[in-house]
Amino acid sequence: MSKIYDVIILGAGPAGLSAGLYSGRARLSTLIIEKGVDGGQIAITDEIENYPGQIPDGETGPELIARFSKQAERFGCERVTDTINKVELKDKIKTIHCTNGTYQARTVVIATGAHPRKIGCPGEDEFSGKGVSYCATCDANFFEELEIYVIGGGDTAVEEAMYLAKFARKVSVVHRRDELRAAKSIQERAFKTENLEFIWNAIPVELKGDGMLQTIVLEDTKTGERREVHADEDDGIFGCFVFIGYLPNSELFKDQLETEWDYILTDEDMKTSVPGVFAAGDVRKKSLRQVVTAAADGAIAAIQCEHYINNNFSEEELQQ
């Protein structure tokens, strides 16, 4: 723990890697801590088509994030694979306690992202990994030529439903309203997908089965009427993929930073309520959560780290 980094970045999604790229280019000593694979949510996204400058015909999330990672490494970012257990952010020197080590820095960029929101109905946890999934690219092949129900009606839900339709015999999108929230361009493609159907004004209220998911109980959001949908007798199972939004990974920081609905509050310069601590990407309160805005957040945060260090640390302190 003798080394004090200029910047420690928590998370290696688009926001964290973008911050690493910019802090590295500024010749700041930078450490990126990530407990899993790079990319966050886009690491499990089949198709990216709206990131400026990407391959025009579309590319996968893993392909795009691989280039993010190489750029960050090119500019000297150090990397650690570890799980963060505790943070001390209010001192001038910030301390990050992980399972395999403790790290210190003059500034911290929180880019921990978000995780899928669950339905919250009986049976969901019981059948997670046994028919219930939150990742189309991870689990689509397990449902080859079977039926799949997708819960949600936004961009992600509809895009992933179209991806799942490449594998499944039939995909049914279950949405609580009578029209989708997804962008019109996405809707147009979805409505043209032959084996993609829609169940309107419905929500899942229970998932059931004998070892594997076999029944979904749907409730009509207008009448309250419930009906059971069973797996085809020959299949004996179907898939239920949940895409109803995300929750910020902010639990470690809530007692030290100002939050709203668990999202970290920042100003337009990514500054949090604690000096020297910045937040970027899906973990902060913002109006648009996309790869392009996460990358922009990361760049801004890194530049602000440089400004903070220059204004708050003497030459003697920087030599420590």
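Just above, that's the structure.
Okay, so let's go over this structure. (Residues numbered from 1 in each chain as written. Predicted model: local features only at pLDDT ≥ 70, side-chain atom pairs only at ≥ 80, totals over all residues. Heavy atoms only, no water.)

### Description of the overall build of the chain
Consideration 1: Helix and strand counts for the chain come out as seven helices and 19 strands.
Consideration 2: Since a compact globule built from 320 residues should have a radius of gyration of about 20 Å, the 22 Å found for the chain is in line with a globular shape.
Consideration 3: Within the chain, counting contacts between residues at least 6 apart in sequence, those at least 24 apart form 60% of the total.
Consideration 4: Accessible area of the chain: about 15500 Å², with a carbon and sulfur share of 46%. (Helix = DSSP H or I, 4+ residues; strand = E, 2+ residues; numbered from the N terminus. Rg over C-alpha atoms; globule rule 2.2 N^0.38 Å. Contact = heavy atoms within 4.5 Å. Areas by Shrake-Rupley, 256 points an atom, 1.4 Å probe, with all protein chains shown as cover.)

### Comments concerning helix H1 (residues 14-25)
Consideration 1: Between its first and last C-alpha, H1 extends 16 Å over twelve residues, near the 16 Å set by a 1.5 Å rise per residue.
Consideration 2: Within H1, ten of the twelve residues are buried, leaving the element largely enclosed by the surrounding structure.
Consideration 3: Buried residues of H1: Pro14, Ala15, Gly16, Leu17, Ser18, Ala19, Gly20, Leu21, Ser23 and Gly24, and no others.
Consideration 4: Elements that come into contact with the buried residues of H1 comprise strand E1 (4-10), strand E2 (30-34), helix H2 (61-74), strand E3 (78-81), strand E6 (102-110) and helix H6 (291-312).
Consideration 5: Arginine 27 occupies a position one or two residues after H1 and carries a positive phi of about 65 degrees. (Expected span 1.5 Å × (residues − 1). Buried < 20%, exposed > 50% of the residue type's maximum accessible area, 1.4 Å probe, protein only.)

### Describing the side chain of serine 23
Consideration 1: Within the element layout of this structure, serine 23 appears in helix H1.
Consideration 2: In this structure serine 23 comes out as buried when scored by relative accessible area, which is 1%.
Consideration 3: When near neighbours in sequence (up to four residues on either side) are disregarded, serine 23 contacts Val7, Ile9, Leu28, Thr30 and Ala302.

### Some remarks on the pairing of E2
Consideration 1: For E2, the tally of buried residues reaches five of five residues, placing the bulk of the element in the interior.
Consideration 2: The parallel pair E1 and E2 is bridged by H1, and the resulting crossover is right-handed.
Consideration 3: Relative to E3, E2 is paired through four bridges, and the arrangement is parallel. Bridge assignment links isoleucine 33 to a residue of E3, and that residue is valine 80. (Right-handed = clockwise from strand over helix to strand, strands pointing away. Pairing = 2+ DSSP bridges.)

### Quick look at the sheet that holds strand E11 (residues 196-199)
Consideration 1: Within the open sheet, the five strands sit side by side as E8-E15-E9-E10-E11. Their pairing is parallel. Across the chains shown, the open sheet's two edge strands, defined by having one partner strand only, are strand E8 (132-133) and E11.
Consideration 2: Helix-sheet contacts for helix H4 (residues 155-164) involve strand E9 (147-151), strand E10 (170-174), E11 and strand E15 (239-242), and the interaxial angle to E9 is about 170 degrees. (Axes fitted to C-alpha atoms, helices over the stretch in contact; angles between N-to-C directions.)

### Points about the packing of aromatic side chains
Consideration 1: Within this structure, the stated rule accounts for seven aromatic pairs.
Consideration 2: Where phenylalanine 143 meets phenylalanine 241, the ring centres are 5.5 Å apart and the plane angle is 75 degrees; that geometry is what we call edge-to-face. Here the residue phenylalanine 143 occupies a position in the loop between helix H3 (136-139) and E9, and phenylalanine 241 occupies one in strand E15, the gap between them amounting to 98 residues. Per residue, the accessibility class of phenylalanine 143 equals that of phenylalanine 241, and both read buried.
Consideration 3: When the ring of tyrosine 308 is compared with that of phenylalanine 313, the centres are 6.3 Å apart and the planes differ by 70 degrees; the resulting orientation is edge-to-face. (Phe/Tyr/Trp six-rings, centres within 6.5 Å; stacked < 30°, edge-to-face > 60°.)

### A look at the environment of glutamine 319
Consideration 1: Within the element layout of this structure, glutamine 319 appears in the segment after helix H7 (315-318).
Consideration 2: Separated by 315 residues in the primary sequence, glutamine 319 and isoleucine 4 have C-alpha atoms spaced 9.5 Å apart.

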